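# Descriptive analysis of the structure
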Amino acid sequence: TAGAARVAVYLAGFEEVADVFTAARTVTGLDGVRWYGGDGSAQSKALLASEPAKFATSAKVKGYPSPLVALTAGEAKRDAKLLSQISKRAKHPADAFTLAAYDAFNVAARTLAASPADVDAGTLRTAFAQNAEGSKGTAGTIQLDAAGDRVSTPYAFWSLCQRGRSPRWTQTGTWTPASDPTAPGRVSPKSCPKA
């Protein structure tokens, strides 16, 4: 009743999103609204398959933009050797999540090494947060919010764009957090390149 231009679908998922897209192609109207994804399906190889890609690259769905934590150009350059080593050993490209996990593991190892063997969980949790706060990590200086989560970092938006005969994941925008954590940050959108 609101019209397709005022309706959007946010689909958070992983590889199963490909099956949802294949099924959505058979439902009238679902291909007439914008769809957005989460980090679990961004750059999913399953979505590059023929049926889900036809849906995702349709004129109204517009590529299913999905965010992923991004490295700044300086961080990517500084950590290029580490990214290469991790990618080679994991047989999968390392990304900003990889470096965040690497940082968390390093803080956890330092925390455990400095703690007595019989430390209780609450004390260990507090010590971890204290060791993490202000620590220089591979993905930047670690800052935690009141809940103990890492404060926002830049995001890149990835969309399925038709490139010749094949769909490809293409960066179609960024979000950069403001220095004031209560401010909205800055979005820099781009369209899919013309096929």
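Preceding this section is the structure that the text describes.
Residues numbered from 1 in each chain as written. Predicted model: local features only at pLDDT ≥ 70, side-chain atom pairs only at ≥ 80, totals over all residues. Heavy atoms only, no water.

### Some points on the sheet that holds strand β3 (residues 66-69)
Taken in spatial order, the four strands line up as β3-β6-β7-β8 in an open sheet, and their pairing is antiparallel. What marks the edges here is a single partner per strand, and that holds for β3 and β8 (186-189). Each adjacent strand pair in this sheet contributes to an overall mean axis angle of 35°, direction not counted. Pairing between strand β6 (residues 155-163) and strand β7 (residues 166-176): nine bridges, direction antiparallel. Bridge pairing in β7 links C161 to R168. (Pairing = 2+ DSSP bridges. Helix = DSSP H or I, 4+ residues; strand = E, 2+ residues; numbered from the N terminus. Axes fitted to C-alpha atoms, helices over the stretch in contact; angles between N-to-C directions.)

### Here's the deal with helix α4 (residues 80-90)
Of the positions making up α4, those classed as buried are L82, L83 and I86. Buried positions in α4, seen along its axis, are confined to an arc of 100° and lie on one side of it. Within α4, the exposed residues directed more than 90 degrees away from the buried face are K81 and K88. The inward-facing, buried residues of α4 contact α3 (73-78) and α5 (96-113). Remark: K91 follows α4 within two positions and exhibits a positive phi of approximately 55°. (Buried < 20%, exposed > 50% of the residue type's maximum accessible area, 1.4 Å probe, protein only. Arc of directions from axis to C-beta. Contact = heavy atoms within 4.5 Å.)

### A look at the state of the cysteines
Throughout the structure, instances matching the rule amount to one disulfide. Across a sulfur-sulfur distance of 1.9 Å, C161 and C192 are joined as a disulfide pair. Because the sign of the S-S torsion sets the handedness, a value of about -70° for the bond joining C161 and C192 places this disulfide among the left-handed ones. Residue C161 is found in strand β6, and its partner C192 is found in the segment after β8; the two are separated by 31 residues along the sequence. Given a relative accessible area of 1%, C161 falls into the buried group. (Disulfide = S-S within 2.5 Å.)

### Quick word on the packing of aromatic side chains
If you walk through the whole model with that rule in mind, you get five aromatic pairs. Both rings, one in F21 and one in W35, keep their centres 5.4 Å apart while their planes meet at 90°; by these two values the pair is edge-to-face. Of this pair, F21 sits in helix α1 (residues 17-24) while W35 is found in strand β2 (residues 34-37), placing the two residues 14 residues apart along the sequence. As far as burial versus exposure is concerned, F21 and W35 are alike and both buried. Taking relative accessible area as the criterion, F21 reaches 0% and is therefore assigned buried. (Phe/Tyr/Trp six-rings, centres within 6.5 Å; stacked < 30°, edge-to-face > 60°.)

### Brief notes about unusual backbone geometry
The phi angle of most residues is negative, glycine excepted, and most peptide bonds adopt the trans form. The phi dihedral of K62 is positive, around 60°, even though this residue is not glycine. Looking at where K62 falls in the secondary structure, it is placed in the loop between α2 (50-56) and β3. Look at Y64: it is not a glycine, yet its phi comes out positive at around 55°. Note that Y64 resides in the loop between α2 and β3. Judged by its relative accessible area of 0%, Y64 is buried.

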